[in-house]
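# Structural overview for review
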Amino acid sequence: MAEFEPRIIAFLCNWCAYQGADLAGTSHLEYPPNVRIIRLMCSGAIDPVYIINALLTGADGVLIGGCHLGTCHYQNGNYKAQRRVDILRNILHQVGFAEDRVWLRWIDASEGQLFASTIREMVNELKAKEPNPLRHPWEVWQGSNWGP
Amino acid sequence: MKINTTLAVEAGDILGALRRFLADFLEKHIVDVLLVPQEIAQGRSLVQTLVQDPAYLSRANPLSPVMPVNSAVLVAQLTVDKPQRKVGAVLRSCEIRALIELAKLRQANLENLTIIGIDCLGTYEVADYARLTDEMEGEKGARVVAELQRRIAEDGAEPFPIPLRPACQMCEFPTTGGADITLGLIGVEDGILVTLESELAAKLGLTEGEAPDREKAIAKLVEVRSGARDRAFAEFRQQTKSITEFADQFATCIGCHNYAVACPICFCKECFFHTATFEPESERYFRWAERAGALRMPTEILLFQLTRLNHMVASCVGCGLCESACPSKLPLTVIFRAVGEGVQKMLRYVPGRSLEDELPLATFKEEGFPVV
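Position numbers for residues start from 1 in each chain and track the written sequence from start to end. Whichever chain is written first is A, and whichever ligand is written first is 1; the rest continue in order. Reporting of local features is limited, given that this is a predicted model, to residues whose pLDDT is at least 70; pairs of side-chain atoms are given and counted only at 80 or more, and all residues count toward the totals for whole chains, interfaces and linings. Processing note: side-chain calculations cover all non-hydrogen atoms of the structure and skip hydrogens and water entirely.

### Details of the overall build of chain A
Helices and strands together make up the secondary structure of chain A, namely five helices and four strands. Seen in sequence order, chain A has helices and strands lined up from the N terminus as β-α-β-α-β-α-β-α-α. In this treatment the radius of gyration is a C-alpha quantity, and the globule benchmark scales as 2.2 Å times the residue count to the 0.38 power. Taking 2.2 N^0.38 as the reference for a compact globule, 148 residues should give roughly 15 Å; the C-alpha atoms of chain A span a radius of gyration of 16 Å, in line with that estimate. The rule is simple: take the accessible area with a 1.4 Å probe, protein chains only, and divide by the maximum for that residue type; under 20% is buried, over 50% is exposed, in between is partly exposed. A burial count over chain A gives 51% of its 148 residues as buried. Of all intrachain contacts in chain A linking residues separated by at least 6 positions in sequence, the fraction that spans at least 24 positions is 79%. Of the roughly 6800 Å² of accessible surface on chain A, a fraction of 49% belongs to carbon and sulfur atoms. Secondary structure is summarised from DSSP: a helix means a run of H or I of at least four residues, a strand means a run of E of at least two, and numbering begins at the N terminus for each. Contacts between residues were defined by any pair of non-hydrogen atoms, one from each residue, lying within 4.5 Å. Computed by Shrake-Rupley with a 1.4 Å probe, the accessible areas treat only the displayed protein chains as cover when residues are assessed.

The structure is reproduced here in structure tokens:
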């Protein structure tokens, strides 16, 4: 199969991962252009609905970038994000959706290198997989043949 | 200290004995008001009533196997603003467990509440129950209860030719935990086994009696129900190997969102899905359709299901009122309970077990969980 270009939606915390992405840019670090960034005030502000929406509308991967544990600008938002993503990934696994399309990473404002390498790594791993089956939602809605 | 005593039943009038027992709570000012199911329309259905005057307990029937609402929601309404009144409520296991979750979610307050827990052998859909009683003469509630009693005594099969609600067929909680007073039927031959604090028993004029050994009878029922549950879970997992197969199971979903109203855990006053976020300008729909080739409308069927799973499944107590509320009869009980089991195991959390267990989404610990 021809290699495809995965689409990644990244929800990044304003105080760390978003600044890290900014640093990667101002430092002229190279990373693949497959990522669309959405800035949040805190990784703890993300409701699973937005991650699921991204996946259901065809994103091949979703990255949630927050502050390292213990350094949250709002004390414990990243712990909340961690717990929510754990639950989300567990549910995705159970309903037959590859949960490893959802990544949660702690990236500090000073870690432009880490941001760039995370995106590189994520793009490589997603390229090794099939595209998100929900890229073509009508095919999903038409159904499988599991029933009698 | 809790003691056991048996409520005497005269001439098989189990409901009469129960009504007198409940009236005592009001007459002796143990509670100011009592939430209890009562028969309406000559016993064709039951509704919860908030009784202040014991004279209005004449149709009380906490035993009939029908549950139009998870009363945890009603108790939450009665207690959330910490009233000064002493509230009593007669509840089934799934209602108590939902109430414990609601209390932890700060939607209910258990301080001034007396919970009377009652054994539950399972309930019928409201419409099924009405059809069943339509064929009966006389005191319908009493006849249904007598049939249930006979079944308990004889350890027989389902007494009526209609199926229990799917959630009840796989419910492993026929008895209640977390209640102040428990009323036991299963494994009790004559009368009703009452377990309560000795102080309260003294107020009610009850003296300690023999406790029948009912462990065996309960274990037998739990075994049957757990078996049905495990088979249903296995079938769901077998049928859900891909997101396409999961989507297939919602093929008949009409997107009514009824089950979010029926669910006791779904407590938000305004559901996110009913906000302006889901009323985009028309141009967006055209863009989505352009990108995907075709857009399913209404758009948010699978998003709604998956999001609701995320929002409430850690606290799902398995009452199954979601499925009862579903006009398409989607197998929601199995889906929510099976997925819930996976999530709850990961979180090491048992919803409704105890007020002491911290809500997983409200407590934050250093370590994450192994997801798979």
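### Describing the domain arrangement of chain B
Many authors give the size of an interface as the accessible area that is lost as the parts come together. All names here are of chain B. If you check the domain split of chain B, you get domain 1 (2–212) and domain 2 (229–362). Summarising the inter-unit geometry, the C-alpha centres of domain 1 and domain 2 are found 30 Å apart. With 22 residues of domain 1 at the interface, the matching set in domain 2 holds 27 residues. For the pairing of domain 1 and domain 2, the buried interface totals around 2100 Å² over both sides, and the portion due to carbon and sulfur atoms is 62%. For the domains described, the bounds stem from an automatic or database domain assignment. We define buried area as the total accessible area lost by two parts upon association, computed with a 1.4 Å probe and summed across both.

### Looking at the sheet that holds strand β7 (residues 192–197) of chain B
Residues and elements named next belong to chain B. For two strands to pair, DSSP has to find at least two bridges joining them. Reading across from one edge, β1-β7-β6-β5-β4-β2-β3 is the order of the seven strands in this open sheet, with mixed pairing throughout. On the outer flanks of this sheet lie β1 (2–7) and β3 (45–51), each paired with one strand and no other. Within the sheet, the average angular offset between the axes of one strand and its neighbour, ignoring direction, is 25 degrees. Strand direction decides the pairing type here: strand β4 (residues 87–91) and strand β5 (residues 113–118), joined by five bridges, are parallel. Residue pairing in the sheet places Val87 in a bridge with Leu113 of β5. In this analysis an axis means a line fitted to C-alpha atoms, helices contributing only their contacting stretch, and an angle means the value between N-to-C directions, from 0 to 180 degrees.

### Some words on the pattern of salt bridges
Residue and element names in this part refer to chain B. The term salt bridge refers to a side-chain nitrogen of Lys or Arg lying within 4 Å of a carboxyl oxygen of Asp or Glu. The tally for this structure, following the rule as stated, stands at 17 salt bridges over all chains. The residue Arg19 makes a salt bridge to Glu39 at a minimum N-O spacing of 3.9 Å. On the criterion of sequence distance, the pair formed by Arg19 in helix α1 (residues 14–27) and Glu39 in strand β2 (residues 33–40) is long-range, its members being 20 residues apart. Exposure class is identical for Arg19 and Glu39. Each is buried.

### Looking at empty space enclosed by the protein
Residue and element names in this part refer to chain B. The method works on a 1 Å grid over the protein atoms by themselves. A cavity is a set of points holding a 1.4 Å probe that cannot get out, a pocket is an open set with protein on both sides within 12 Å along at least five of seven lines, and residues with an atom within 4 Å of a point line them. Grid points are joined across faces, edges and corners, and a volume is the space filled by probe spheres set on the points. Counting across every chain of the model gives six cavities of 30 Å³ or more. Looking at the largest cavity, its volume works out to about 130 Å³. Lining the largest cavity are 16 residues, and of these Cys94, Cys120, Cys168, Cys171 and Phe173 sit closest to its centre. For the lining of the largest cavity, the elements supplying multiple residues, two or more each, are α3 (93–104) and α6 (166–169).

### Re unusual backbone geometry
Residue and element names in this part refer to chain B. A cis geometry characterises the amide bond from Met297 onward to Pro298, with omega recorded as -10 degrees. Within the secondary structure, Pro298 is located in the loop between α11 (282–292) and α12 (301–312). The phi angle at His257 is positive, at roughly 65 degrees, despite the residue not being glycine. Position of His257 relative to the elements: it lies in the loop between α9 (243–248) and α10 (258–262). Using a relative accessible area of 18% as the deciding quantity, one classes His257 as buried. Residues other than glycine seldom take positive phi values, yet Lys329 does so here, at roughly 50 degrees.

### Points about the packing of helix α3 (residues 77–94) of chain A against α12 of chain B
Contact geometry of α3 of chain A with α12 of chain B gives a least axis separation of 10 Å together with a crossing angle of 130 degrees. It follows from the interaxial angle that α3 of chain A and α12 of chain B lie oblique. Pair α3 of chain A / α12 of chain B crosses with right-handed handedness. Judged by residue contacts, Arg84, Ile87, Leu88 and Ile91 of chain A of α3 of chain A engage Leu306, Leu309 and Asn310 of chain B from α12 of chain B. Residue composition of the contact of α3 of chain A with α12 of chain B, grouped by class: five nonpolar, one polar and one charged. For classification purposes, angles smaller than 35 degrees are called roughly parallel, those larger than 145 roughly antiparallel, those between 65 and 115 roughly perpendicular, and all remaining angles oblique. In this scheme the crossing of two helices becomes right-handed for a clockwise turn of the near helix relative to the far one and left-handed for an anticlockwise turn of less than a right angle. Only Asp, Glu, Lys and Arg are considered charged, only Ala, Val, Leu, Ile, Met, Phe, Trp, Tyr, Cys and Pro nonpolar, and every remaining residue, Gly among them, polar.

### Focus on the packing of aromatic side chains
Stacked, tilted and edge-to-face pairs are distinguished by plane angle, under 30 degrees for stacked and over 60 for edge-to-face with tilted covering the rest, among Phe, Tyr and Trp rings (Trp via its six-membered ring) whose centres lie within 6.5 Å. One pass over the structure, following the stated rule, counts twelve aromatic pairs over all chains. Considering the side-chain rings of Phe246 of chain B and Phe250 of chain B, the 5.1 Å spacing of their centres and the 65 degrees angle between planes classify their relative orientation as edge-to-face. Accessibility assignment for this pair places Phe246 of chain B and Phe250 of chain B in one class, buried. Among the aromatic residues, those joined into a ring-pair cluster are Tyr50 of chain A together with Tyr259, Phe272, Phe273, Phe278, Phe304 and Phe336 of chain B.

### Examining the pairing of β7 of chain B
For a regular strand, the rule is simple: side chains alternate between the two faces of the sheet. All names here are of chain B. Burial analysis of β7 places five of its six residues in the buried class, the great majority of the element. Sheet topology note: the β1/β7 ladder contains six bridges and is antiparallel. Within the sheet, the bridge partner assigned to Ile3 lies in β7 and is Leu196. As defined by bridge partners, strand β6 (residues 181–184) adjoins β7 across three bridges and the pair is classed as antiparallel. Looking at β7, one finds that Thr182 is bridged to Thr195.

### What about the sheet that holds strand β4 (residues 102–106) of chain A?
Hydrogen bonding along the main chain pairs the strands of a sheet, whether they run parallel or antiparallel. Residues and elements named next belong to chain A. Strand order in the open sheet formed by four strands is β2-β1-β3-β4, with parallel pairing between adjacent strands. Two strands bound the open sheet, and with one partner strand each, they are β2 (35–40) and β4. Averaged over all neighbouring strand pairs, the angle between strand axes comes to 20 degrees, with direction disregarded. Running at roughly 115 degrees to strand β1 (residues 8–13), helix α1 (residues 17–26) makes contact with β1, β2 and β3 (61–66) of the sheet. Sitting on the sheet, helix α4 (residues 112–127) is in contact with β1, β2, β3 and β4, with an inclination near 160 degrees to β3.

### Let's talk about the side chain of Glu99 of chain A
All names here are of chain A. With respect to the helices, strands and loops of the structure, Glu99 is situated in the loop between α3 and β4. Lys and Arg are tallied as positive, Asp and Glu as negative. Neither His nor the chain termini are counted. Here Glu99 is buried and forms no salt bridge, its nearest opposite-charge partner Arg89 lying at an N-O distance of 5.3 Å. Polar contact criterion, stated in full: a pair of N or O atoms within 3.5 Å, where within protein one must be able to donate a hydrogen and the other to accept it, and residues adjacent in sequence count only if both atoms are side-chain atoms. Of note is the side chain of Glu99, whose polar atom sits 3.2 Å from the side chain of His93.

### Here's the deal with the environment of Glu30 of chain A
Residues and elements named next belong to chain A. If you trace the backbone, Glu30 turns up in the loop between α1 and β2. Along the backbone, Glu30 and Ala17 are 13 residues apart, and their C-alpha atoms lie at a distance of 16 Å. With residues up to four places along the chain from it excluded, the contact list for Glu30 reads Ala116 and Arg120.

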